[in-house]
Amino acid sequence: MKTASVIVDVAAMQTDRPFDYEIPDRWREVIQPGMRVIVPFGPRHVQGFVLDVKEETEGRKLKPIIEPMDIVPVLNEELLSLADWLTIESLCFKISALQVMLPAAMKAKYSKVIRKTGEQPIHPEMETLFNNREEIPWEEAADAGKLAHIRKEVKNGSLEVIYSVKSKGRKKTVRMVKCTLSDTELSETVEIMAKNAVKQKEALLFFSGRTNQWLTLKETGISSATAKALIEKGYLQEKQEEMYRDPHSGQDFESDTPLVLTENQKEAITPILDAINEGTSGTFLLHGVTGSGKTEIYLQSISRVIEKGQEAIVLVPEISLTPQMTERFKRRFGNDVAVLHSGLSIGEKYDEWRKISRNEVKVVVGARSAVFAPFQNIGLIIIDEEHETSYKQEENPRYHARDVAIQRSAFYNCPVILGSATPSLETYARAKKGVYTLLSLESRVNDRPLPAVDIVDMREELREGNRSMFSRSLFDKLKDRLEKGEQTVLFLNKRGYSSFIICRDCGYVAGCPNCDVSMTYHRHRHQLKCHYCGYEELAPSVCPECGSEHIRHFGTGTQKVEEELLKLLPQARIIRMDVDTTGTKGAHERLLRKFADKEADILLGTQMIAKGLDFPHITLVGVLSADTMLHLPDFRSSEKTFQLLTQVSGRAGRHTLPGEVVVQTYTPEHYSIQLAAEQNYESFYQQEMMMRKMGGYPPFYYLALITVSHEEAVEAASAANKIVTKITPSLSPAAVILGPVASPIARINNRYRWQCLIKYKREPNLTDVLKEVLEHYSKKGKSNGLMVSIDIHPYVLM
DNA sequence: AGCACGCCGACT
DNA sequence: GTCGGCGTGCTC
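In this text the structure is predicted, and so the values were computed from the model without any measurement.

## What to know about the protein's contact with DNA strand B
Logical step 1: Lining the immediate environment of DNA strand B, one finds ten residues, of which Val-10, Gln-14, Pro-43, Arg-44 and Lys-112 sit closest.
Logical step 2: Take the atoms of DNA strand B that sit within 4 Å of the protein: sugar and phosphate atoms are 58% of them.
Logical step 3: Arg-44 places a side-chain nitrogen or oxygen 3.1 Å from a base nitrogen of DNA strand B.
Logical step 4: One of the side-chain N or O atoms of Lys-112 is found 3.0 Å from a phosphate oxygen in DNA strand B.
Logical step 5: Residue composition of the surface near DNA strand B, grouped by class: five nonpolar, one polar and four charged.

Written out as structure tokens, the structure reads:
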């Protein structure tokens, strides 16, 4: 008997292992590892992934596979073994590792219906529920509160429950027709057709000269009613043809040709091309300031890979995955490029994924999950803006795209390029140690000077009586740009895009009733919303604590900046970009387009405007509050501040006009601000490494974060304590365990959270020990209401 | 995760 | 005496 071992789509500790199934004879030659199948699992049907196919000798009685969901495997051997690796590295369930590699369209959609068997009469009460139908959806019975009745009827055999499994997304098809007659037959047929069949005759005549050719119904211009009649008469044949949805329909990309590289670029690209040619794995850090021409190096490296008959993956942060950016790849590589980003519909992503899987494209440009692109012969993986934290997934499987890229490159013996102007400390340290190869692009293409940076001490401004959010320096420069007709970008370095609500009399802050966080205020609907649990309520107009009417939204949101700006400079045309103004699809693009077309003088926004903007008329960049994120309880806050300020400064003067940058701050002496102004990465690196060494943080130590949650604070705390006691003896004395302490966000969704942080250098046992912890608490904790989550190499410590 | 089974309290 | 609450254990 041929059998398959299958991972079922049930994410739980107890089901996190393969289950064996019989392969029915009709699928003997079809079912292969890497395919999705539908299998019976207990009383229901679920999706599963075939890991292995084998010939079984011992005569176990196994349930047979119900049917395959794919004709060809959706995961190749490399991806299957990558899933093994990911499962171990990130401590996730195998099923999560498999699912993350596929587009959402391929996730299973489950439904249940209750059907009459017809063998026995059913209870009159049931008849009313069925209301003359043969089957009804499960939900309908559940809503009617009849599940207990149903169960009884199922037992005595008068009803049955049918479980169905489908893929979420579907292939898009188009109806095609062809005329089966020869040209002579065609004209004869038209002769003998009824006089009143005008449309049908017209339709047939359309085919003269092109019979036996498949054409889409649309191309023929025939109505579906006419087509139906002709098909019935046997003159036409029809079929459904699979087609791709085209997110770029109607767009033409002018092709471009490789640029001539500068000496600097040539030096940097040579080792990469050598690695590609020789087929050796290895990680390169391409360190170059904005405007130093990293992208051209990517493009030419990819060209080499394509010439060699291999494929390339390019990862970019979601936020900079703009058409502006992807166009560059489309222009160079034309139809060989697939693009994967969150703006695509589920169906569009599915189509792009299939193009990759079928090798119809050579290059994929996409965000984090594109690192799993199902190519068969990868020649290069590029991660642009390597330092971006969005490469780390914050839900299971908690993977970092950089680690996955390096793992895949080892399989394919191909290089990885990490590109950044401000590499993460971890990466730069590895490059210095020689683990990665450091390639530096020292100069900007065309040797354009870096913009002059003016750091303004806002404490000084206040002392001298300027209480506005604009320093005199920034304000003067703003006015000057307005007069000259040049453009300005104002950057609000702040995470809370919307503000919170505070009472000016008693200091009450509107917090979420379920979580220990303040809720954010959404002006358009006058609502308060919790970003952790989704709770919403109407914003109060009087303080619920003291009854004061002086309760209002507070915090310098972009809206507030805009208001003040309009007061001071009423003639300024402002585009505001934040969550409120970019909510609708394509709004982001539209606003940027407007700014590019010089329909506005000032672009005001948050994080989202820091990347990829490249407009010739920007000559001033203002950072309103450079240090807001510096004071977050996060050991990476200096690094993030430095990266952001460096990034933002790079926006000014990228073209012929010289640029200026004004950075407003309350801590002008801080090294991350000073060194960002100088664009001095090397010194920042030295300084920050010292801080990390003192604090015992990466890259000197690795981190693992354990978070325990429970409805009762005491339970969470005691479990966290027990976990620490349990793991301490299993680790070497060099490991440091911090905590347990209450999490910085002590409660989410009415669950209290405690955490402990493990700092370690070399702990070969660690994942095993942590896995034991998870197993232990999944058994015992379930009845107890306890939840344990573990994040290896965390980026969010809250 | 579901889903069934099974064992105890509150009702006709 | 039954209905239905949710603790327990299993799913090839």
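## Examining the sheet that holds strand β22 (residues 520–522)
Logical step 1: Read across the open sheet, the three strands follow the order β22-β23-β24; overall the sheet is antiparallel. Edge positions in the sheet fall to β22 and β24 (536–538), since each of these pairs with one other strand and no more. Put simply, the sheet's adjacent strands are angled 30° from each other on average, direction ignored.
Logical step 2: Note that β22 and strand β23 (residues 527–529) share three bridges and pair antiparallel. Pairing of His-522 across the sheet is with Gln-527, part of β23.

## A look at the protein's contact with DNA strand C
Logical step 1: Taken together, the residues surrounding DNA strand C are Gln-14, Thr-15, Arg-17, Phe-19, Asp-20, Tyr-21, Pro-40, Phe-41, Gly-42, Leu-62 and Lys-63.
Logical step 2: In DNA strand C, atoms within 4 Å of the protein come from the sugar-phosphate backbone in 42% of cases.
Logical step 3: Here a base nitrogen of DNA strand C sits 3.0 Å away from a polar atom, N or O, in the side chain of Arg-17.
Logical step 4: A distance of 2.7 Å separates a base oxygen of DNA strand C from a polar backbone atom of Asp-20.
Logical step 5: Where the surface near DNA strand C is concerned, the elements lending two or more residues are β2 (19–22) and β3 (36–41).
Logical step 6: Considering every element that reaches the surface near DNA strand C, the biggest residue donor is β2, with three residues.
Logical step 7: Its residues assigned to classes, the surface near DNA strand C shows five nonpolar, three polar and three charged.

## Some details on the UniProt feature "domain: Helicase ATP-binding" (unreviewed entry) in chain A
Logical step 1: Within this structure's numbering, the places UniProt gives as "domain: Helicase ATP-binding" (unreviewed entry) are residues 275–441.
Logical step 2: Taken end to end, residues 275–441 is 37% helix and 23% strand, and its first and last C-alpha atoms sit 19 Å apart.

## Some remarks on the domain arrangement of chain A
Logical step 1: Once the domains are mapped, chain A shows domain 1 (2–25 + 33–99), domain 2 (103–243), domain 3 (263–445), domain 4 (452–497 + 556–692) and domain 5 (702–792).
Logical step 2: Inter-centroid distance (C-alpha atoms) of domain 1 to domain 3 is 31 Å.
Logical step 3: Taken together, the two surfaces of domain 1 and domain 3 that pack against each other cover about 1,100 Å², and 69% of this comes from carbon and sulfur.
Logical step 4: Interface area lost by domain 1 to domain 3 is led by Glu-78, Leu-82 and Trp-85, which between them contribute 42%.
Logical step 5: Here domain 1 and domain 3 share one salt bridge between them.
Logical step 6: With a shortest N-O distance of 2.9 Å, Arg-408 and Glu-78 are connected by a salt bridge.
Logical step 7: Linking domain 1 with domain 3 are five residue pairs in polar contact (both at pLDDT 80 or more), by the criterion used here.
Logical step 8: Of all elements in the fold, only α1 (77–90) and α2 (94–99) reach the threshold of two or more residues within the side of domain 1 that touches domain 3.
Logical step 9: Here the side of domain 1 that touches domain 3 gets six residues from one element, more than from any other, and that element is α1.

## Regarding the environment of Gly-557
Logical step 1: Looking at where Gly-557 falls in the secondary structure, it is placed in the loop between β25 (551–554) and α18 (558–568).
Logical step 2: Since its relative accessible area comes to 9%, Gly-557 is described here as buried.
Logical step 3: For Gly-557 and Thr-606, which are 49 residues apart along the polypeptide, the C-alpha to C-alpha distance reads 9.2 Å.

## Some details on the packing of aromatic side chains
Logical step 1: For the coordinates displayed, the defined rule picks out twelve aromatic pairs.
Logical step 2: Considering the side-chain rings of Phe-642 and Phe-684, the 4.1 Å spacing of their centres and the 5° angle between planes classify their relative orientation as stacked. Of the two residues, Phe-642 is situated in helix α20 (residues 637–649) and Phe-684 in helix α22 (residues 681–695); the sequence distance between them amounts to 42 residues.
Logical step 3: Accessibility expressed as a relative area gives 1% for Phe-642, which makes it buried.
Logical step 4: Residue classification places Phe-684 among the buried positions, given a relative accessible area of 1%.
Logical step 5: Each residue in the set Tyr-428, Phe-642, Tyr-671, Tyr-681, Phe-684 and Tyr-685 is aromatic and connected to the rest through ring pairs, giving one cluster.
Logical step 6: Against the face of Tyr-697 rests Lys-759, its NZ or CZ located 4.1 Å from the ring centre.

## Section: a nonpolar patch on the surface
Logical step 1: On the surface, a cluster of nonpolar side chains totalling about 260 Å² of accessible area is made up of Tyr-532, Val-796 and Met-798.
Logical step 2: Within the secondary structure, Val-796 sits in the segment after β33 (787–792).
Logical step 3: Classification of Val-796 by relative accessible area gives partly exposed; the value is 39%.

## Some words on the nonpolar core
Logical step 1: In this structure, Leu-75 and Phe-372 are the most contacted members of the largest nonpolar core, which totals 86 residues.
Logical step 2: Ranked by residue count, the leading element in this core is α1, at six residues.
Logical step 3: Once you skip the residues sitting within four places of it in the chain, Leu-75 turns out to touch Pro-33, Gly-34, Phe-49, Leu-80, Leu-98, Met-101 and Leu-102.
Logical step 4: In terms of nonpolar packing, the next biggest core, distinct from the first, is built from 30 residues, Leu-286, Val-316, Val-363 and Val-365 among them.

## Focus: the pattern of salt bridges
Logical step 1: Enumeration over the complete set of coordinates arrives at 44 salt bridges.
Logical step 2: Note that Asp-351 is salt-bridged to Arg-245, the shortest N-O span being 2.8 Å. Taken together, the residues Asp-351 in helix α13 (residues 346–357) and Arg-245 in the loop between β11 (236–243) and α10 (263–278) connect sequence positions 106 residues apart.
Logical step 3: Residue Asp-351 is classed as buried on the basis of its relative accessible area, which comes to 0%.
Logical step 4: Its relative accessible area of 17% is what places Arg-245 among the buried residues.
Logical step 5: For the salt bridge of Arg-692 with Glu-639, the shortest nitrogen-to-oxygen distance reads 2.7 Å.

Conventions adopted
Residues numbered from 1 in each chain as written. Chains lettered and ligands numbered in written order. Predicted model: local features only at pLDDT ≥ 70, side-chain atom pairs only at ≥ 80, totals over all residues. Heavy atoms only, no water. Near = heavy atom within 4 Å. Polar contact = N/O pair within 3.5 Å; in protein donor to acceptor, adjacent residues only side chain to side chain. Nonpolar A, V, L, I, M, F, W, Y, C, P; charged D, E, K, R; others polar. Pairing = 2+ DSSP bridges. Helix = DSSP H or I, 4+ residues; strand = E, 2+ residues; numbered from the N terminus. Axes fitted to C-alpha atoms, helices over the stretch in contact; angles between N-to-C directions. UniProt positions renumbered as here; feature names shortened; annotations may be inferred. Domains from an automatic or database assignment. Buried area = accessible area lost by both parts, 1.4 Å probe. Salt bridge = Lys/Arg side-chain N within 4 Å of Asp/Glu carboxyl O. Buried < 20%, exposed > 50% of the residue type's maximum accessible area, 1.4 Å probe, protein only. Phe/Tyr/Trp six-rings, centres within 6.5 Å; stacked < 30°, edge-to-face > 60°. Lys NZ or Arg CZ within 6 Å of the ring centre and 35° of its normal. Patch = residues over 30% accessible without salt bridge, like charges linked within 9 Å, V, L, I, M, F, W, Y side chains within 5 Å. Areas by Shrake-Rupley, 256 points an atom, 1.4 Å probe, with all protein chains shown as cover. Core = buried A, V, L, I, M, F, W, Y, C linked by side-chain atoms within 4.5 Å. Contact = heavy atoms within 4.5 Å.

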